[in-house]
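# Descriptive analysis of the structure
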Amino acid sequence: MLKRIKLKIIIISILLFSYSNAEEIKLSCKGIHTSKNFPLGENIKEIKYEEDLLLDTTKKRLFWLNITQFHTLDDGTITEAHKPLVFKDLTPTNLIQFYDENENAIFFGNAYVNNKLYSMEQFMKLDLSSVPSSTTLATYSYGINKETFNIDKQLQTESASLPIINFECSSKIN
């Protein structure tokens, strides 16, 4: 019995050590919003979000790999909210830039002003008080829990701040 416990502790330690030293970790994440929590739109009962991401822990980079979204309607019908976004390569187009880190989490984010990409640091320094009303703004923020690899995602636009999506993620070392 004691040998089994020691063996389990050794295996868990090896797994945790290998994850913490991994260079690239693929994250498969799922989140959900339901109409019980807040209004989702006409006839929408729930929205399911699925994202695959690649976390490079050495270079502190996060890439979108796949993004899908499904709506479950009040009658039970499931529809795609948009065609899946699939990124075949790791490029600046699908890079979510490093923003900050603490002992529990690492944060990434992008900001877009009139479709021009800014890091979160650059965006925070912009003076947005004098921009025309026709300016389009969008920010994507990802907070990744270092222990569980679960993600909190926040999307904000010039006209709305959407509720945080709490993703539960499974991880796989590449």
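In this report, the structure presented in the accompanying data block is examined. (Residues numbered from 1 in each chain as written. Predicted model: local features only at pLDDT ≥ 70, side-chain atom pairs only at ≥ 80, totals over all residues. Heavy atoms only, no water.)

On to the nonpolar core, then. The biggest cluster of nonpolar side chains holds 23 residues, and the ones touching the most others in it are Leu27, Leu53, Leu62, Phe108, Tyr142, Ile144 and Ile151. Going through the elements one at a time, strand E1 (24-34), strand E2 (44-56), strand E3 (61-73), strand E8 (105-113), strand E10 (137-145) and strand E12 (165-173) are the ones with two or more residues in this core. In this view, Leu62 contacts Leu53, Leu54, Leu55, Asn94, Leu95, Ile96, Phe108, Tyr142 and Ile144; residues no more than four positions away in its chain are not counted. Core analysis: the second largest hydrophobic core is formed by six residues, Ala111, Met120, Phe123 and Leu137 among them. (Core = buried A, V, L, I, M, F, W, Y, C linked by side-chain atoms within 4.5 Å. Buried < 20%, exposed > 50% of the residue type's maximum accessible area, 1.4 Å probe, protein only. Helix = DSSP H or I, 4+ residues; strand = E, 2+ residues; numbered from the N terminus. Contact = heavy atoms within 4.5 Å.)

This part takes up the packing of aromatic side chains. Considering all chains together, one arrives at five aromatic pairs under this definition. Between Trp64 and Tyr142 the ring centres are 6.3 Å apart and the planes differ by 70 degrees, which places this aromatic pair in the edge-to-face class. Within this pair, whereas Trp64 is found in strand E3, its partner Tyr142 is found in strand E10, the two being separated by 78 residues in sequence. Across the pair, Tyr142 and Trp64 agree in class, each one buried. Centroid distance Phe98 to Phe108: 6.1 Å. Interplanar angle 80 degrees. Geometry classified as edge-to-face. With Phe98 in strand E7 (residues 98-101) and Phe108 in strand E8, this pair connects stretches of sequence that are 10 residues apart. What makes Phe98 partly exposed here is its relative accessible area of 33%. One aromatic cluster is present, built from ring pairs that chain together Trp64, Phe87, Tyr112, Tyr140 and Tyr142. (Phe/Tyr/Trp six-rings, centres within 6.5 Å; stacked < 30°, edge-to-face > 60°.)

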